[in-house]
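# What the coordinates show
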Amino acid sequence: NAAYDGLQPEGITVRNGVEVGLTPWNAEEVKHDLSLRHYDFVLGSVHFIGEYDPYLPPFWVGKTVEQAEQLYFEEMLKSLQCHDDFDVLGHLTYLSKSKAHPTNQLIKLAEHRDIVEEIFKVIISKGKGIEVNTSGWDRCGDYLPGMDYVRLYKELGGEIIPIGSDAHTADRVGQYSHEVAAQLKDIFGYVCTFADRQPVFHKL
């Protein structure tokens with residue numbers, strides 16, 4: 001948005017970021033759209049599985065929770081294999097906070113470890129990070145993803161780890177970020193922000 005160009009209030013650094021939806025068929029469209037403006041940060045998220053958004057009830061019809069989770073991760077893997085023009089994968093376990101989720105249970109890493117490892121290997125091979133999204137805490141009792149996923153990402157060689165609050169309203173900006181940072185201090189010792197599409201590492 002051009003309204004942000006040149007906006008630098010005293011004492012505040014404003015950086016331009018955007019969230020893009022990743023699907024197996026829109027890589028060229030995303031690349032084109034991102035070429036139209038300068039961004040400091042591009043968050044790539046998976047919000048659709050085929051033609052359905054799992055945030056809404058039609059996706060869940062005729063599926064068990066376990067089937068829905070597997071389909072979600074399979075679509076995520078296919079999407080990530082197609083895309084290079086993003087910096088960080090957003091809210092890996094987004095499915096858990098869906099308003100249409102029949103239980104809002106957490107996605108158990110142990111039940112999907114093989115495909116999650118494949119997802120992380122693709123992300124790491126492309127030099128990308130994963131976001132710890134705090135918006136799940138009030139919906140499903142954990143961050144998106146939880147620290148067991150974060151530890152696995154690190155074990156596999158992942159290094160880029162920002163925090164996002166996915167606020168949508170002003171009163172939720174930065175919500176639970178201090179709590180997440182305290183946990184990341186023990187796992188990574190730092191947290192990341194971005195400038196000019198490059199990670200900036202902040203020691204905790």
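Scroll up to find the structure this text is about.
For the structure given in this document, a descriptive report is provided here.

The rules behind these values
Residues numbered from 1 in each chain as written. Predicted model: local features only at pLDDT ≥ 70, side-chain atom pairs only at ≥ 80, totals over all residues. Heavy atoms only, no water. Helix = DSSP H or I, 4+ residues; strand = E, 2+ residues; numbered from the N terminus. Rg over C-alpha atoms; globule rule 2.2 N^0.38 Å. Contact = heavy atoms within 4.5 Å. Buried < 20%, exposed > 50% of the residue type's maximum accessible area, 1.4 Å probe, protein only. Polar contact = N/O pair within 3.5 Å; in protein donor to acceptor, adjacent residues only side chain to side chain. Axes fitted to C-alpha atoms, helices over the stretch in contact; angles between N-to-C directions. Parallel < 35°, antiparallel > 145°, perpendicular 65-115°, else oblique. Left-handed = near helix turned anticlockwise from the far one by under 90°. Pairing = 2+ DSSP bridges. Expected span 1.5 Å × (residues − 1).

Moving on, we get to the overall build of the chain. Across its full length, the chain carries six helices and eight strands. The order of α-helices and β-strands along the chain, N terminus first, is β-α-β-α-β-α-β-β-α-α-β-α-β-β. Rg of the C-alpha trace for the chain: 17 Å, near the compact-globule value of 17 Å for 204 residues, within the 12% margin. Projecting the C-alpha coordinates of the chain onto the three principal axes gives extents of approximately 55 × 40 × 35 Å. For the chain, the proportion of contacts with a sequence separation of at least 24, taken over those separated by at least 6, is 71%.

In this structure, asparagine 26 sits in the loop between strand 1 (17–21) and helix 1 (27–34). Judged by its relative accessible area of 10%, asparagine 26 falls in the buried class. Of the polar contacts made by the side chain of asparagine 26, one reaches the backbone oxygen of glycine 21; its length is 2.8 Å. Discounting residues that sit within four places of it in the chain, asparagine 26 has contacts with Gly21 and His83.

The interhelical angle for the contact between helix 2 (residues 65–82) and helix 3 (residues 109–125), taken along N-to-C directions, is 15 degrees, at an axis separation of 10 Å. Between helix 2 and helix 3, the interaxial angle falls into the category roughly parallel. Handedness of the crossing formed by helix 2 with helix 3: left-handed. On helix 3, the residues touching Glu66, Glu69, Gln70, Phe73, Glu74, Met76, Leu77, Leu80 and Gln81 of helix 2 are Glu111, His112, Ile115, Val116, Glu118, Ile119, Val122 and Ile123.

Looking now at the pairing of strand 7 (residues 190–195). Alignment of strand 7 against strand 8 (residues 198–203), held across six bridges, turns out to be antiparallel. Following the sheet pairing, phenylalanine 194 is matched in strand 8 by proline 199. Between the end of strand 7 and the start of strand 8, which pair antiparallel, lie two residues, with aspartate 196 showing a positive phi angle near 55 degrees.

Okay, helix 2 next. In this model, helix 2 (18 residues) spans 26 Å end to end at C-alpha, consistent with the 26 Å of a helix rising 1.5 Å per residue. Residues of helix 2 that are buried include every one of Val65, Ala68, Glu69, Tyr72, Phe73, Glu75, Met76, Leu77, Ser79 and Leu80, and no others. Contacts from the buried residues of helix 2 go to strand 3 (88–89), helix 3 and helix 5 (147–155).

As far as function goes, none of this settles anything; it's purely spatial.
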